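Here's the letter readout for the chains.
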Amino acid sequence: MADMFEHAPQVWTAARLREALADLPDETPIHVGVADGPGDFDGYGEYVLVDAEPVEMDTDADGVTGTPHVQFTLFADARAGAYHLDVD
């Protein structure tokens, strides 16, 4: 059986993101490094920010639908470049 561990990253707020971006020029592209596993950024995948919008999340618990809530979500896509078609 694999060892288990608790993973509790500190999720950024809008205020913290604004503070981090405050001094960047408006034309600066935003790159997103996605961890290869929980907390593992050694082999991260690099993506670019392409959209941001509120998304309604279902709070389905044990098959019982709870009250949906809205969370603001950033969407990332692969960086610009030439890629092989994914035919799966």
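Preceding block: the structure.
First things first, this report covers the structure right here in the doc.

Scoring rules and cut-offs
Residues numbered from 1 in each chain as written. Predicted model: local features only at pLDDT ≥ 70, side-chain atom pairs only at ≥ 80, totals over all residues. Heavy atoms only, no water. Helix = DSSP H or I, 4+ residues; strand = E, 2+ residues; numbered from the N terminus. Rg over C-alpha atoms; globule rule 2.2 N^0.38 Å. Pairing = 2+ DSSP bridges. Axes fitted to C-alpha atoms, helices over the stretch in contact; angles between N-to-C directions.

**Quick look at the overall build of the chain**
Within the chain, the secondary structure is distributed over one helix and three strands. The linear arrangement of helices and strands in the chain, starting from the amino end, is α-β-β-β. Computed over the C-alpha atoms, the radius of gyration of the chain is 17 Å, more than 25% above the 12 Å expected from 2.2 N^0.38 for a compact globule of 88 residues. Summarising its shape, the C-alpha atoms of the chain cover approximately 45 × 35 × 30 Å along the three principal directions.

**Thoughts on the sheet that holds strand 1 (residues 31-34)**
Read across the open sheet, the three strands follow the order 1-2-3; overall the sheet is antiparallel. The open sheet terminates on both sides in strands that have one partner only, identified here as strand 1 and strand 3 (69-78). Put simply, the sheet's adjacent strands are angled 55° from each other on average, direction ignored. With ten bridges connecting them, strand 2 (residues 45-57) and strand 3 associate as antiparallel partners. Residue Asp51 lies in a different strand from strand 3, and its bridge partner there is Phe75.

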